[in-house]
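# Inside the fold
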Amino acid sequence: MYKIPVSVLVVIHTADLQVLLLERADHPGYWQSVTGSQDSGEILIQTAAREVFEETGLNVADYALTDWQTENRYEIYEEWRWRYGPDVRFNTEHVFGLRLPGIVPIRIAAREHLNFMWLPWQQAASKVFSSSNAEAILKLPEHSQPG
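Residues numbered from 1 in each chain as written. Predicted model: local features only at pLDDT ≥ 70, side-chain atom pairs only at ≥ 80, totals over all residues. Heavy atoms only, no water.

## Concerning the overall build of the protein chain
The following threshold applies: Secondary structure is summarised from DSSP: a helix means a run of H or I of at least four residues, a strand means a run of E of at least two, and numbering begins at the N terminus for each. Here the globule rule is a power law, 2.2 Å times the number of residues to the power 0.38, and the radius of gyration is based on C-alpha atoms. Here's how the labels work: a residue is buried when its accessible area is under 20% of the maximum for its type, exposed when over 50%, partly exposed in between, all with a 1.4 Å probe on protein chains only. Any two residues whose heavy atoms approach within 4.5 Å are treated as being in contact. Every accessible area reported is derived by Shrake-Rupley at a probe size of 1.4 Å, with residue values counting cover from the shown protein chains alone. Under the convention used here, Asp and Glu are negative, Lys and Arg are positive, and both His and the chain ends fall outside the count. Here the site of a charge means atom NZ of a Lys, CZ of an Arg, CG of an Asp or CD of a Glu.
Regarding its fold elements, the protein chain presents 4 helices and 7 strands. Helices and strands appear in the protein chain in the N-to-C order β-β-β-β-α-β-β-β-α-α-α. Relative to a compact globule of 147 residues, whose C-alpha radius of gyration would be 15 Å, the protein chain shows 14 Å and is just as compact. Overall, the protein chain is about 45 × 30 × 25 Å in size when its C-alpha atoms are taken along their principal axes. Taken across its 147 residues, the protein chain has 48% of its residues classed as buried. Counting only contacts in the protein chain whose residues sit at least 6 apart along the sequence, the fraction spanning at least 24 positions is 70%. Split by element, the accessible area of the protein chain, about 7,700 Å² in all, is 52% carbon and sulfur. On the protein chain, the mean spot of the 12 positive side-chain charges and the mean spot of the 19 negative ones are 2 Å from each other.

This is the structure we're talking about:
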């Protein structure tokens, strides 16, 4: 079954703008925020909640998950295009933020990620491999207030 070319990017951050990054198991050295494709029948906030739980063990109901109303369309990296239908070349990504009160314990999914780290937002933006991920992190101060 092919992936749906609609995904979420969830920037998990603390109140003082520390950002959680995950290292991809299928590409060591590639750091990113939580990402994942929408499953059939899901609405985007459900996709965000599911991906956060699968990749970190965090339950978004315990924190503040917000839709940043940002949509990015990009060409799917060649190395991952086989996961999509034969004529699919582009993905639409929807950006969310998850605000935590501080650094909390994380349980990474070993099949997806090798490691995790918390970095100040500017350092996190320069560490991620994806330009849309970097752009989202750079906009974190605009989205970080509770509410």
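## Observations regarding unusual backbone geometry
Its identity as a non-glycine residue notwithstanding, Leu 17 has a phi of 70 degrees, on the positive side. Taking relative accessible area as the criterion, Leu 17 reaches 14% and is therefore assigned buried. Even without being a glycine, Gln 69 presents a positive backbone phi close to 55 degrees. Relative to the assigned elements, Gln 69 resides in strand β5 (residues 64–75). With a relative accessible area of 66%, Gln 69 lands in the exposed category.

## A word on helix α1 (residues 44–56)
Each turn of an α-helix holds 3.6 residues, which means side chains three or four residues apart point in the same direction. For the record, the criterion: One less than the residue count of a helix, multiplied by 1.5 Å, gives the span that helix is expected to have.
Under the 1.5 Å per step criterion, the end-to-end length of α1 is 18 Å for 13 residues, consistent within 8% with the ideal 18 Å. Within α1, the full set of buried residues consists of Thr 47, Ala 48, Arg 50, Glu 51, Val 52, Glu 55 and Thr 56. At its buried positions, α1 is contacted by β1 (6–14), β2 (18–24), β4 (34–37), β5, β6 (90–100) and β7 (113–120). One or two positions beyond α1, positive phi appears at Gly 57, with a value near 80 degrees.

## Quick word on the packing of aromatic side chains
We count it as follows: Ring pairs shown here join Phe, Tyr and Trp side chains whose ring centres sit within 6.5 Å, with only the six-membered ring taken for Trp; geometry is labelled stacked below 30 degrees between planes, edge-to-face above 60, and tilted in between. Note on criteria: charge over ring means Lys NZ or Arg CZ within 6 Å of the ring centre, with the direction from the centre no more than 35 degrees off the ring normal.
In this structure the tally under the stated criterion is 5 aromatic pairs. An aromatic cluster is present here, built from Tyr 30, Tyr 77, Trp 80 and Phe 129 joined pairwise through their rings. Arg 24 extends its terminal NZ or CZ atom over the ring of Trp 80, reaching a point 4.2 Å from the ring centre. Just above the ring of Phe 90 sits the side chain of Arg 73; from NZ or CZ to the centre is 4.3 Å.

## Considerations on the side chain of Ser 33
Of note, Ser 33 is situated in the loop between β3 (31–32) and β4. For Ser 33, a relative accessible area of 1% gives the class buried. In this structure Ser 33 touches Leu 9, Val 10, Val 11, Leu 20, Leu 21, Asn 133 and Ile 137, once residues within four positions along its chain are discounted.

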